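What follows is the residue order along each chain.
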Amino acid sequence: MHESFIETTSITSYWQFLRMINWYEPWLIALGGFHAICLLIIILTRGHTNIQILIFLALLSCIYCAEYINELAARKWQLFAHDQYFDSQGLFISTVLSFPVIINCCIIVIIWLYESISLIKLYIKQMKKKRTEQIDSIDTDKTKKKE
């Protein structure tokens, strides 16, 4: 067994698992930067639905490919990491890749819902204004006919 391997039976909780990870490895910092940049792009493009759809689909594609990424990373971990984190159940890849991507996707959905609610409110306001104008025009027509 490699010296950096950890006996999986020694990990009894998810928090203990998180504490075992060396978060200062350059590739993990870069991955965290990727998630932060994605979040920043999502926030900056909140008025551009087509761009957000592309981002949303790209992020979901990352989640879809997470199993393949995990298998590849488990085979080639020596090229970029000091420790072998990639387990067969995919807990690590789910923690560092899939979970933050799902959070970013949820933020996109929240932005879409907010924009939808804003559009509905605007539509209702326009309909009320139109209705008021129609009522006012009917009232003026009645007044003119009486004269």
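Engineer: Where do I start with the overall build of the protein in this structure?
Structural biologist: Along the backbone of the protein there are 5 helices and 0 strands. What you see in the protein, going N to C, is helices and strands ordered as α-α-α-α-α. A total of 147 residues make up the protein; the buried ones form 25% of that total. The long-range share in the protein, meaning contacts at least 24 apart out of those at least 6 apart in sequence, stands at 67%.

Engineer: How should I be thinking about the nonpolar core in this particular structure?
Structural biologist: Where a protein is soluble and globular, its nonpolar side chains tend to be buried together. In this structure, Ile21, Trp27, Leu59, Phe86 and Phe92 are the most contacted members of the largest nonpolar core, which totals 25 residues. Elements supplying a minimum of two residues to this core: helix H1 (14–20), helix H2 (26–44), helix H3 (49–64), helix H4 (66–76) and helix H5 (91–146). When residues of this core are assigned to their parent elements, the largest contribution, 8 residues, is made by H5. Aside from chain neighbours lying at most four places away, what touches Trp27 is Phe80, Ala81, Tyr85, Phe86 and Phe92.

Engineer: What exactly am I supposed to notice about the side chain of Ser98 here?
Structural biologist: Tracing the sequence through the fold places Ser98 in helix H5. Filtering out sequence-adjacent residues up to four positions away, Ser98 remains in contact with Ile63, Ala66 and Ile93.

Engineer: Whenever I open this one, H4 confuses me. Can you help?
Structural biologist: Count 3.6 residues to each turn of an α-helix, and residues three or four apart come out pointing the same way. The set of residues buried in H4 consists of Ala66, Asn70 and Ala73. Down the axis of H4, the smallest arc covering the buried residues is 70°, so these residues share one side. Seen from the open side of H4, the exposed residues pointing more than 90 degrees away from its buried face are Glu67 and Arg75.

Engineer: Is there a simple way to think about the packing of H3 against H4 in this case?
Structural biologist: Relative placement of two packed helices is described by the angle separating their axes and the distance separating the axes. For the pair H3 and H4, interaxial distance at closest approach is 4 Å and the crossing angle is 50°. Compared by their axis directions, H3 and H4 come out oblique. Here Cys62, Ile63 and Tyr64 of H3 lie close against H4, whose contacting residues are Ala66, Glu67, Tyr68 and Ile69. Within the contact of H3 with H4, the residues separate by chemical class into 6 nonpolar, no polar and 1 charged.

Engineer: Would you explain the packing of aromatic side chains in this entry?
Structural biologist: The full count for this structure, using the stated rule, is 11 aromatic pairs. Considering the side-chain rings of Tyr14 and Trp15, the 6.0 Å spacing of their centres and the 70° angle between planes classify their relative orientation as edge-to-face. Overall, Tyr14 belongs to the partly exposed group, its relative accessible area being 37%. Between the aromatic rings of Trp27 and Phe92, the centroid separation amounts to 5.8 Å while the plane-to-plane angle is 65°, which identifies the pairing as edge-to-face. One end of the pair, Trp27, is in helix H2; the other, Phe92, is in helix H5, and 65 residues separate them in sequence.

Engineer: Where do I start with the environment of His82 in this structure?
Structural biologist: Counting through the fold element by element, His82 comes out in the loop between H4 and H5. A sequence separation of 56 residues divides His82 from Pro26, and the C-alpha atoms of the two residues are 9.9 Å apart.

Cut-offs used in this document
- Residues numbered from 1 in each chain as written.
- Predicted model: local features only at pLDDT ≥ 70, side-chain atom pairs only at ≥ 80, totals over all residues.
- Heavy atoms only, no water.
- Helix = DSSP H or I, 4+ residues; strand = E, 2+ residues; numbered from the N terminus.
- Buried < 20%, exposed > 50% of the residue type's maximum accessible area, 1.4 Å probe, protein only.
- Contact = heavy atoms within 4.5 Å.
- Core = buried A, V, L, I, M, F, W, Y, C linked by side-chain atoms within 4.5 Å.
- Arc of directions from axis to C-beta.
- Axes fitted to C-alpha atoms, helices over the stretch in contact; angles between N-to-C directions.
- Parallel < 35°, antiparallel > 145°, perpendicular 65-115°, else oblique.
- Nonpolar A, V, L, I, M, F, W, Y, C, P; charged D, E, K, R; others polar.
- Phe/Tyr/Trp six-rings, centres within 6.5 Å; stacked < 30°, edge-to-face > 60°.

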